[in-house]
Amino acid sequence: MKEDIQKFTHYLLEGDEVSCESFINEMPDKEDVIKVFHFLTTAMQHIGELWENNEITVADEHLATATCDYVLSQYKYNHITRKKGKSNGLKAMFFCLENEQHYLGTKIVSSIFEYYGWETRLFGANLPLEYAESQAKEWKPQLIGISVAILYHLPKLKGYLDALSRIPNAPIMMVGGRLSGLYDLRQYSTEETIILKSIQDVQRWIMEHRTEGNKYGENNKHSSSLFSNQ
Amino acid sequence: MNEAMTNQQMIDEVVHKIYEKYPQLKEQFGEKGLRKCREDNVHHFRHLDTAFELTDVQFFVDYAHWLNGILQKHGMTVDHLCVNFEIIQQVVDNWIDADRKVFYDKAIDQAVLELRA
């Protein structure tokens, strides 16, 4: 795994999209969406460490991010979008807090939901609350996922969660991103907010609430009708 | 005077005092270093303000540890960062209210204590 990460990281830093794609296509677990997303996440975390250690520059990091974004889009198209089965009738939207630029996590999480049959809308980086709110009111998703990576964006989180959980269809609010792995974000969230720390957590949550029918709905007034149509 | 202006002036004063204390930094890192020092202090204040808003000193202490690791890789010493923080403590006296000042002091004292340990 370590050697694979180093090799793949090298391709990302070179902006070598062709080698990145070949590498993914030759992975024995390439059909396992969660494993591939975990691999990409680990590679990008390694890139972050290289920057912290002054081994690469900000420009290198940006090139790697753009390359990873491309690889992710290609992989998603080939393994999720193109093979999409019947929709489960549920909708989810994902975005980063205002000024937050670290959007790859939302792209990965949105893809996982899509893989499990959700209809998704991905707004990526830096979505001011007023636009998130109008989109949510209009499109009426059953779930809204927010990502936060930088500490000084955290004070805004509660405002987003309060406002969005109050909209008429009362969506489930979900929070993830770098900070959710570092701190207990519960005290900066609403009581009903789901906080997920990893890709595996996301998959587990979807699976649990897919197989357990409307169990979640019985326990949470904010999602009472979510799984009743399954 | 608006808040952004106050912050800029505070940061200018902090950076000026750092370069007064370490004049060799100008030779060592040049204009780029001066710019980076200013950027670093923007981040210090952002993290202090956020820790204050969230009433958790640990947020700033964690940031200090993380940043110290990065700065050392760029040839800075733990002293540079601790002195920078201590200069912030001196400078903010004239600019911020008492509650914020008490919190800044507590957060910086804790960070410096751990960084110098």
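Parameters and conventions
- Residues numbered from 1 in each chain as written.
- Chains lettered and ligands numbered in written order.
- Predicted model: local features only at pLDDT ≥ 70, side-chain atom pairs only at ≥ 80, totals over all residues.
- Heavy atoms only, no water.
- Phe/Tyr/Trp six-rings, centres within 6.5 Å; stacked < 30°, edge-to-face > 60°.
- Helix = DSSP H or I, 4+ residues; strand = E, 2+ residues; numbered from the N terminus.
- Buried < 20%, exposed > 50% of the residue type's maximum accessible area, 1.4 Å probe, protein only.
- Contact = heavy atoms within 4.5 Å.
- Buried area = accessible area lost by both parts, 1.4 Å probe.
- Salt bridge = Lys/Arg side-chain N within 4 Å of Asp/Glu carboxyl O.
- Nonpolar A, V, L, I, M, F, W, Y, C, P; charged D, E, K, R; others polar.
- Core = buried A, V, L, I, M, F, W, Y, C linked by side-chain atoms within 4.5 Å.

**Q** If you had to explain the packing of aromatic side chains to someone new, which residues and values would you point to?
**A** Taken as a whole and judged by the stated rule, the model has 18 aromatic pairs over all chains. The interplanar angle of 70 degrees and the centroid separation of 6.4 Å between the aromatic rings of Y11 of chain A and F23 of chain A together place this pair among those described as edge-to-face. Pair noted here: Y11 of chain A is in helix α1 (residues 2–14) and F23 of chain A is in helix α2 (residues 17–25), with a separation of 12 residues, a long-range link. Accessibility assignment for this pair places Y11 of chain A and F23 of chain A in one class, buried. With a centroid separation of 6.4 Å and 55 degrees between ring planes, the pair formed by F45 of chain B and Y104 of chain B is classed as tilted. Here the residue F45 of chain B occupies a position in helix α2 (residues 24–53), and Y104 of chain B occupies one in helix α5 (residues 98–116), the gap between them amounting to 59 residues.

**Q** So, the interface of chain B and chain A: which residues are in play, and what are the values?
**A** Residue-level contacts link 13 residues of chain B with 10 residues of chain A. When chain B packs against chain A, close to 1,300 Å² is buried across both sides, 65% of that on carbon and sulfur atoms. Applying the counting rule to chain B against chain A returns zero salt bridges. At the level of elements, α2 and α3 (57–73) of chain B are the ones that each hand at least two residues to the side of chain B that touches chain A. Grouping the amino acids of the side of chain B that touches chain A by side-chain chemistry returns four nonpolar, four polar and five charged.

**Q** Describe the nonpolar core, with residues and values.
**A** Grouped together as the largest cluster of nonpolar side chains are 61 residues, with contacts concentrated most on F95, I146, L154, L164 and L185 of chain A together with F60 and F85 of chain B. Here F60 of chain B is in contact with H44, H47, L48, A51, F85, A107, I108 and A111 of chain B, once residues within four sequence places are set aside. Counting residues in each nonpolar core, the second largest holds 45 residues, with I24, V36, I56 and I80 of chain A among its members.

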